[in-house]
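Below, each chain spelled out in residue letters.
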Amino acid sequence: MRRDRGVVLINALVIVLVIASVAAALLTRAESARQRATRAQAAEQLDLYLDAAEALLPALLDSAVTGDGVVHRAQEWARGGRVFEIDRGLVSVELADLQGRLNVNWLSRSDDAYAQDTFARLFDAVDLPRSLLREIGEFVSPGGPRNINAYLRRDPAVQPRGGAVAVLDELKLAEGMTPERFAVLARHVAALPFDTPLNLNTASEPVLRAALAPLPAEQVTELLDALRRGHLESRSAIRNRTIELLETEDVDHLPFERITVGSVWFEARLAAELDGRTAVRRVIVQRDPGQGEAVRVRFRWAEYD
């Protein structure tokens, strides 16, 4: 009799342990599901915050809309990153003028001597190797890189499509590119439609010296001094000064069509914070002077560490 009661007691304990284990497993799964739902909800909320930050861009770029089309660093849009409170979190917006950087898609035409020389001068100035410049030139050429095997041997393999790039980040795949080199490149180079000129008012000094090198040395010095004091008002004034210095109107061989004093292409870095979580989005926008200065989003993508 005692043995039977012992067996029953053991069986009962086993059943209790099984039930407890199942209950613990169910509770663990329920907690995991709750945490996943919380993360998904937070991610969705952060995405909505970024949408709200993106909606601010037309107003923030309003100071770049002037009657004479001049865009420069003293305008309100160029002020450092702005932070806004939104609901239970924060959003920040930082704007950059992409036309203040050399356009890498100029290199898509191998017979463009001005582009080749200008980029060579820039790479020398910022200590990037000429070998990387050659690889980038091939990467954006219509036929793509000649050394295609170097790309196909990668793990995973890469198949460059060749031709102009839509965003500069595509060049991270170029042979010889490193994160350090890309960080330097991104400060001075952008990816824009081929016919987009450089805005002298927002360019860095290495870019200015590289782009203006074909002009008379005296004029380059004058322009750099003027930009340190303020901004340039018109491209025609630059051309007229060149004519004056060279004492000839035969200046069509100089790169006046590659330079300007205004901009329509900008990049915004948007960040949202909520409950210790952060999401970042980069947006490339174009102001459309033909449509009431409308701001159109051309590209957007998430940024990850």
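These numbers were taken from a predicted model, which means no experiment stands behind them.

## Some points on the overall build of the chain
No. 1: In terms of regular secondary structure, the chain is built from nine helices and nine strands.
No. 2: Buried residues in the chain amount to 42% of all 305 residues.
No. 3: By element, 53% of the accessible surface of the chain is carried by carbon and sulfur atoms, the whole surface being about 17,100 Å².

## A few points about the layout of surface pockets
Left-over empty space is what a probe sized like a water molecule reveals as it rolls over the atoms.
No. 1: As a volume, the largest pocket reaches approximately 670 Å³.
No. 2: Along the wall of the largest pocket there are 32 residues; nearest its centre are Ala-96, Arg-101, Ala-186, Arg-187 and Glu-267.
No. 3: Listed by contribution, the elements that provide at least two residues to the lining of the largest pocket are strand S2 (89-97), helix H6 (179-188), strand S4 (189-190), strand S7 (265-274), strand S8 (277-288) and strand S9 (294-303).
No. 4: The calculated volume of the second largest pocket comes to roughly 280 Å³.
No. 5: Lining the second largest pocket are 14 residues, with Thr-278, Ala-279, Val-280, Glu-303 and Tyr-304 sitting closest to its centre.
No. 6: Every element with two or more residues in the lining of the second largest pocket is listed here: helix H1 (2-55), S8 and S9.

## As for the nonpolar core
No. 1: Formed by 52 residues in total, the largest nonpolar core has its most connected members in Val-104, Phe-119, Ile-136, Leu-171 and Leu-185.
No. 2: Those elements giving two or more residues to this core turn out to be helix H3 (113-125), helix H4 (130-139), H6, helix H7 (205-212), helix H8 (217-229) and helix H9 (235-246).
No. 3: Sorting elements by how many residues they give to this core places H3 first, with six residues.
No. 4: Every residue in contact with Leu-171, bar those within four places of it in the chain, is listed here: Val-104, Ile-136, Phe-139, Val-140, Val-165, Met-177 and Leu-185.
No. 5: In terms of nonpolar packing, the next biggest core, distinct from the first, is built from 21 residues, Leu-61, Ala-64, Trp-77 and Phe-266 among them.

## So, the sheet that holds S9
No. 1: Across the sheet, five strands lie side by side as S1-S2-S7-S8-S9; this open sheet has antiparallel pairing. The open sheet is flanked by strand S1 (82-86) and S9, the only strands paired with a single partner. Strand-to-strand twist in this sheet, taken as the mean axis angle between neighbours without regard to direction, amounts to 25°.
No. 2: Bridge analysis of S1 against S2 gives five bridges, and the strand direction is antiparallel. Counterpart to Phe-84 in the pairing with S2 is Val-91.

## What about the pairing of S8?
No. 1: Burial runs high along S8: nine of the 12 residues are buried.
No. 2: Sheet topology places S7 next to S8; 10 bridges connect them, and they run antiparallel. By the bridge assignment, Ala-268 is partnered in S8 with Val-283.
No. 3: Counted between consecutive antiparallel strands, the loop separating S7 from S8 contains two residues, among which Asp-275 sits at a positive phi close to 50°.
No. 4: Bridge count between S8 and S9: nine bridges; the pairing is antiparallel. By the bridge assignment, Ile-284 is partnered in S9 with Phe-299.

## Some remarks on unusual backbone geometry
No. 1: Note the cis peptide between Asp-155 and Pro-156, where omega equals 0°.
No. 2: With respect to the helices and strands, the residue Pro-156 is situated in the loop between helix H5 (148-152) and H6.
No. 3: Non-glycine residue Asp-87 carries a positive phi angle of around 50°.
No. 4: For Asp-87, the position within the fold is in the loop between S1 and S2.

## Some details on H6
No. 1: Listed in full, the buried residues belonging to H6 are Phe-182, Val-184, Leu-185 and His-188. Down the axis of H6, the smallest arc covering the buried residues is 160°, so these residues share one side. Those residues of H6 that are exposed and aimed more than 90 degrees away from the buried face are Pro-179, Glu-180 and Arg-187.
No. 2: On its buried face, H6 is in contact with strand S3 (102-103), H3, H4, S4 and H7.

## Some details on the packing of H8 against H9
Helix-helix packing is characterised by the crossing angle of the two axes and by the distance between the axes.
No. 1: Put simply, H8 and H9 touch, their axes get as near as 10 Å, and they point 145° apart. Between H8 and H9 lies a crossing of right-handed hand. Along the contact surface, H8 presents Glu-218, Gln-219, Glu-222 and Leu-223, while H9 presents Ile-238, Arg-241, Thr-242 and Leu-245.
No. 2: Classifying every residue of the contact of H8 with H9 by side-chain character gives three nonpolar, two polar and three charged.

Definitions and cut-offs
Residues numbered from 1 in each chain as written. Predicted model: local features only at pLDDT ≥ 70, side-chain atom pairs only at ≥ 80, totals over all residues. Heavy atoms only, no water. Helix = DSSP H or I, 4+ residues; strand = E, 2+ residues; numbered from the N terminus. Buried < 20%, exposed > 50% of the residue type's maximum accessible area, 1.4 Å probe, protein only. Areas by Shrake-Rupley, 256 points an atom, 1.4 Å probe, with all protein chains shown as cover. 1 Å grid on protein atoms, 1.4 Å probe; cavity = no way out; pocket = protein on both sides within 12 Å on 5 of 7 lines; lining within 4 Å. Points joined across faces, edges and corners; volume = space filled by probe spheres on them. Core = buried A, V, L, I, M, F, W, Y, C linked by side-chain atoms within 4.5 Å. Contact = heavy atoms within 4.5 Å. Pairing = 2+ DSSP bridges. Axes fitted to C-alpha atoms, helices over the stretch in contact; angles between N-to-C directions. Arc of directions from axis to C-beta. Left-handed = near helix turned anticlockwise from the far one by under 90°. Nonpolar A, V, L, I, M, F, W, Y, C, P; charged D, E, K, R; others polar.

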